[in-house]
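The lines below spell out each chain.
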Amino acid sequence: MKRLTVLLISIILILSGCSESADSGQNFSPPPDFQPLNEIVDGRRNIYLIVKNLDSSYWDVMIQGAKDGGDDFDCNVYYSGTYSETEWEAHEQLMDKAAEAGADAILLAPNDSVKLSGKIDEIYGNGIHIVLLDTIANTDSYDICYMTDNLMAGQQAAEEMINLLKKGGVSENESAQIGMQVGAASSQTISERLAGFIQYWSRHAPEKWEIIPDIKCNNGYLDEAIVCAEELLEYPDLRGVFGTNNSSTIGFAKIIKEHGRKDIAVVGFDYSEEMAELINDGEYMASTMLQKQYYMSYTGIETALKLIDGEEAPVKFADMGVVAVNKDTIDQPEVQEALRHN
Amino acid sequence: MGKEKYIDSPKEISGKVSFIRMLIIYIIICGAGVAVLLISFNGLIKNQDRMLTEDICSLVTEKMNSSISYMTGSVENMAAGLSAQGHDDLRELYGILSQDNIGSGYVSMGFIDDEDNIYASGTELNEFEKWGLLDVAKLADPVSISPPYRSGKTGQPVFTMFANYTYGGGKHGYLFLTYPLKEIQNMAYTESLTDDAEIWLMEAASDNIIQCAGSNKYSIGSWNNALLEIRKNIDSGYQDDYSEWKSKMDSGISTANITYKIGSETYTQVYSKINFMYGWYVVVRIPSSSLSSAIQQFRVSVLLFLIIYFMATVIMFAVFHKRETEEKKVLANLSVHDPLTSALNRRAFDFTAEQYVEKSSKNEAALLFIDVDFFKQVNDKFGHEAGDRILVGFSAALKEIFGESSYISRYGGDEFVLLVRNGDKDKVSGMIELLREKAKSVKPCDNAEEYGDFTLTFSCGAAMFPNDADDLKGLESCADDALYTVKKNGRNGYGWYRK
């Protein structure tokens, strides 16, 4: 009888007491400390640059732009960042550290447009100038944003795709499928490029040229990007692939080259070795949208100093534009200038 | 006349449906009842949720559309008012009005004349070029709305409304006002559903979506594509429903709804066409759980109550059962045993012995009829209490010697009957001899002076099964005959039945 009673009471306690405890532990790597980019001179303004990825040629170019800006406009520049573009919490820590270190301005390429908005509000509210680079945040609490208008860049990428296919002899009456893959699905940059591409496509592409609804997501990892690219090759009428970011584009370029698929157009972002190979080969249909990240940070330093001196930003949002690099444009001066800083 | 059925042994009682079986049946019935209740409850909640979310989504879309219509109405009225004033020089008018903005929530305004000259700031002129806004203006009938785009002036997503405007004595131009997308967010705001309702603007042709409201205020204005943001996440079983829902939008049907699941959550999603924003729709999505959370809490409370009630009844049954079992044990004991000596009573002995005899046709057994000698004299001489003591002591001696292998019964008064199982004559005779020795130690009282030279003796008649008789009545008769002979020969002895 006692055992029965204990059993029943235990069941009641289990039923009434069951609850899941949420695990709110940190799951990001602590970011490295800020390092000086140029010679630190007492009395000069201190500007802190926070980038998304310290292990990327794209962000190396942006860091170089900030260094050159610091040298040319006479200020101290420090930099740090993360090794994964999803670690927005690490960006919060870096912003706090920069503020504690006495930053006059922070140049920030936010890892997450949405989740970092609260911290940006807080830092900007404390009187520190904020210049956003590459990616805008969903808040008004910043001075100016230098970036690619990704919606427009996506549209330009779609225009490139249509041009490549037409030049490649794909008829408007012919069925053609376009495969796409994205990096981190939560990135506003990538979402806007995707939206821009599809928007332009829906208005200008021939009716029989369709986008494959299954948009692949590689979470920013190259090995996943390659798997996604392989999967898309199985579509029978695949005639074009669009990579919304560097890893997606490299994944496509690698697979197209590996399979020798000169009948499939590759349009992507950033100038990687893999895309350069396709473009320089001359036989492949390939075009990549080159951002002007060097000038984002270089101009960002110049503007930050003006802001510190009390000037107002001319606009809140400055589209730096993109240039399309393909076998026809690669020798153009504007493209060469963009490539020089890549 | 039918034979009346008596329960003659406790074993018969235990042979009925046991308490544990009854408990299991009770648990099964209660469990089934709770399961039926929960299934009905869940079905009710689900149905109610679906109807409510559909209604709420429809109301929110109507609210959004009404608010946008109010804005377009304001732009239209402003254009009509300015037209009525009969201005000739749009550049001059723009110079005056642009100094005077900002009003009614818009961030900038301007004009387009009949030669497509645009009167706006430098940043806005770039945006006209970039986003093809002139083409949107020409759709005004009498108003048109641009798709959202990012404003250079504010850095935030905006949209521009165009209205037909007449100036310079009949020339046709357009007035435009640019609003932050947050204006729509403000319209979409519904306090009771702040954390649950998601509202997007969606372009049918591209599947592009712009978030206008959601649980995270910072996600407002985010561009995305429904193929990635919504469709990719929907469970495969609902993909066809989604395609059908989307094809209704593509074919221009002004509103439609859908219910689908993403993981364990059920969503209801409704779209409605936006007036003057051609090809664009407002889409509202609400998870069913947002409505049913209160009902679900109630369901958990009911369930908890039922479980506690159910367990309380089980405990109560168990307690009653325990008490009843103990009472039955006492009653059973009283009905089977002689209360004085604890030996079986006559009825119990007859029943048990008969069962044994019926089932053991091969094994030998002995039936003994024993009378305590001169018991009446003991009573008369030492009193009834002493008599009882003799009976108890003698019974204890019987149990000590025959207990393991016999059924021992007090038939009444000083008369005992035993059935010795699996016993041959020699073995039983030996046991009787032992009993004779043992009986000598049974005294009517403790005081030796009082009982003096009292020695307890008995007379015993015995019969063997199956040699002397093969049924109990026959055996009893034989043993009785043997006892009679022993008594006749002067008592204090034993004898076997002789045919």
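What comes next concerns the included structure.

How each quantity is defined
- Residues numbered from 1 in each chain as written.
- Chains lettered and ligands numbered in written order.
- Predicted model: local features only at pLDDT ≥ 70, side-chain atom pairs only at ≥ 80, totals over all residues.
- Heavy atoms only, no water.
- Disulfide = S-S within 2.5 Å.
- Helix = DSSP H or I, 4+ residues; strand = E, 2+ residues; numbered from the N terminus.
- Contact = heavy atoms within 4.5 Å.
- Buried area = accessible area lost by both parts, 1.4 Å probe.
- Salt bridge = Lys/Arg side-chain N within 4 Å of Asp/Glu carboxyl O.
- Polar contact = N/O pair within 3.5 Å; in protein donor to acceptor, adjacent residues only side chain to side chain.
- Nonpolar A, V, L, I, M, F, W, Y, C, P; charged D, E, K, R; others polar.
- Patch = residues over 30% accessible without salt bridge, like charges linked within 9 Å, V, L, I, M, F, W, Y side chains within 5 Å.
- Areas by Shrake-Rupley, 256 points an atom, 1.4 Å probe, with all protein chains shown as cover.
- Lys, Arg positive; Asp, Glu negative; His and termini not counted.
- Charge placed at Lys NZ, Arg CZ, Asp CG, Glu CD.
- Buried < 20%, exposed > 50% of the residue type's maximum accessible area, 1.4 Å probe, protein only.
- Phe/Tyr/Trp six-rings, centres within 6.5 Å; stacked < 30°, edge-to-face > 60°.
- Lys NZ or Arg CZ within 6 Å of the ring centre and 35° of its normal.
- Core = buried A, V, L, I, M, F, W, Y, C linked by side-chain atoms within 4.5 Å.
- Pairing = 2+ DSSP bridges.
- Axes fitted to C-alpha atoms, helices over the stretch in contact; angles between N-to-C directions.

**Here we look at the state of the cysteines**
Here comes step 1: For the structure on display, the rule yields zero disulfides over all chains.
Here comes step 2: A disulfide-free cysteine, Cys217(A) has its sulfur positioned 7.3 Å from the sulfur of Cys228(A), the nearest such atom.

**Digging into unusual backbone geometry**
Residues and elements named next belong to chain B.
Here comes step 1: In this model, Asp141 is joined to Pro142 through a cis peptide bond whose omega is -5°.
Here comes step 2: Here Pro142 lies in the loop between α5 (133-137) and β3 (143-145).
Here comes step 3: Of note, the bond from Phe465 into Pro466 is cis; its omega dihedral lies within 30 degrees of zero at 5°.
Here comes step 4: When you line up the elements, Pro466 lands in the loop between β16 (458-465) and α15 (472-488).

**Describing the interface of chain A and chain B**
Here comes step 1: Residue-level contacts link 40 residues of chain A with 37 residues of chain B.
Here comes step 2: For the pair chain A and chain B, the two sides together bury roughly 3300 Å², of which 65% comes from carbon and sulfur.
Here comes step 3: Between the two partners, chain A and chain B, sit five salt bridges.
Here comes step 4: Two residues, Arg150(B) and Glu192(A), come together in a salt bridge whose shortest N-O distance is 3.0 Å.
Here comes step 5: Inspection of the chain A/chain B interface yields twelve residue pairs in polar contact (both at pLDDT 80 or more).
Here comes step 6: Listing elements by their share of the side of chain A that touches chain B, those giving two or more residues are α1 (2-17), α4 (117-125), α5 (150-167), α6 (188-204) and β13 (317-319) of chain A.
Here comes step 7: Among the elements that line the side of chain A that touches chain B, the one with the most residues is α6(A), at nine residues.
Here comes step 8: Here the side of chain A that touches chain B is built from residues that sort into 21 nonpolar, ten polar and nine charged.

**With respect to a negative patch on the surface**
Residue and element names in this part refer to chain B.
Here comes step 1: The grouping of Glu354, Glu358, Asp470 and Asp471 at the surface amounts to a negative patch.
Here comes step 2: Here Asp471 lies in the loop between β16 and α15.
Here comes step 3: What makes Asp471 partly exposed here is its relative accessible area of 38%.

**Description of the packing of aromatic side chains**
Here comes step 1: Per the counting criterion, the structure on display carries 32 aromatic pairs over all chains.
Here comes step 2: Ring geometry for Tyr58(A) against Trp59(A): centres 4.9 Å apart, planes inclined by 80°, an arrangement best described as edge-to-face.
Here comes step 3: Seen in terms of ring centroids, Trp223(B) and Trp280(B) are 6.3 Å apart; in terms of plane orientation they differ by 80°. Their pairing is edge-to-face. Of this pair, Trp223(B) sits in strand β9 (residues 223-225) while Trp280(B) is found in strand β12 (residues 280-287), placing the two residues 57 residues apart along the sequence. With respect to class, Trp223(B) is no different from Trp280(B); both count as buried.
Here comes step 4: Aromatic rings pair up to connect Phe197(A), Trp201(A), Trp209(A), Phe242(A) and Phe269(A) into one cluster.
Here comes step 5: Over the face of the ring belonging to Phe317(A) we find Arg150(B), whose NZ or CZ atom lies 5.9 Å from the ring centre.
Here comes step 6: The ring of Tyr267(B) has Arg285(B) sitting right over it, with the charged end atom 4.4 Å from the ring centre.

**What to know about the nonpolar core**
Residues and elements named next belong to chain B.
Here comes step 1: Phe111 and Leu201 are the most contacted members of the largest nonpolar core, which has 60 residues in total.
Here comes step 2: Of all the elements, helix α2 (residues 19-85) adds the most residues to this core, at eight residues.
Here comes step 3: Counting 35 residues, the second-largest nonpolar core is a separate cluster that includes Leu368, Ala386, Leu398 and Cys445.

**What about the sheet that holds strand β10 (residues 255-262) of chain B?**
Here comes step 1: Spatially, the six strands line up as an open sheet ordered β9-β8-β7-β12-β11-β10 (chain B), and their pairing is antiparallel. The open sheet terminates on both sides in strands that have one partner only, identified here as β9 and β10 of chain B. Each strand of the sheet is rotated relative to its neighbour by a mean of 30°, with strand direction disregarded.
Here comes step 2: Relative to β12(B), strand β7 (residues 198-203) of chain B is paired through six bridges, and the arrangement is antiparallel. Looking at β12(B), one finds that Met202(B) is bridged to Tyr281(B).
Here comes step 3: Here α6(A) sits on the sheet in contact with β7, β8 (208-213), β9 and β12 of chain B, set at roughly 60° to β9(B).

**Looking at a nonpolar patch on the surface**
Residue and element names in this part refer to chain B.
Here comes step 1: Taken together, the side chains of Met316, Phe317, Val319 and Phe320 define a hydrophobic patch exposed on the protein surface, amounting to about 360 Å² of accessible area.
Here comes step 2: Among the structural elements, Phe317 can be located in helix α9 (residues 289-336).
Here comes step 3: With relative accessibility at 33%, the residue Phe317 sits in the partly exposed group.

**Topic: the sheet that holds strand β1 (residues 35-36) of chain A**
The strands that make up a sheet pair up through hydrogen bonds in the backbone, lying either parallel or antiparallel.
Residue and element names in this part refer to chain A.
Here comes step 1: Ordered in space as β1-β3-β2-β4-β5-β6-β13, the seven strands form an open sheet in which the pairing is mixed. Edge positions in the sheet fall to β1 and β13, since each of these pairs with one other strand and no more.
Here comes step 2: Pairing between strand β2 (residues 46-51) and strand β3 (residues 76-81): six bridges, direction parallel. The residue of β3 that forms the bridge with Ile50 is Ser80.
Here comes step 3: Along the sheet, α4 contacts β4 (105-108) and β5 (129-133); its crossing angle with β5, the most-contacted strand, is approximately 145°.
Here comes step 4: Contacts from helix α10 (residues 293-308) reach β2, β3, β4, β5 and β6 (144-147), with the element oriented near 165° to β5.

**Looking at the pairing of strand β6 (residues 171-180) of chain B**
Residues and elements named next belong to chain B.
Here comes step 1: With eight of ten residues buried, β6 is to be regarded as a mostly interior element.
Here comes step 2: Where strand β1 (residues 108-112) and β6 come together, five bridges link them in antiparallel fashion. Of the residues in β6, the one forming a bridge with Phe111 is Leu175.
Here comes step 3: Bridge analysis of strand β5 (residues 157-167) against β6 gives ten bridges, and the strand direction is antiparallel. Along β6, the bridge assignment pairs Phe162 with Phe176.
Here comes step 4: Between β5 and β6, which pair antiparallel one after the other, the connecting turn spans three residues, and Gly168 there sits at a positive phi close to 50°.

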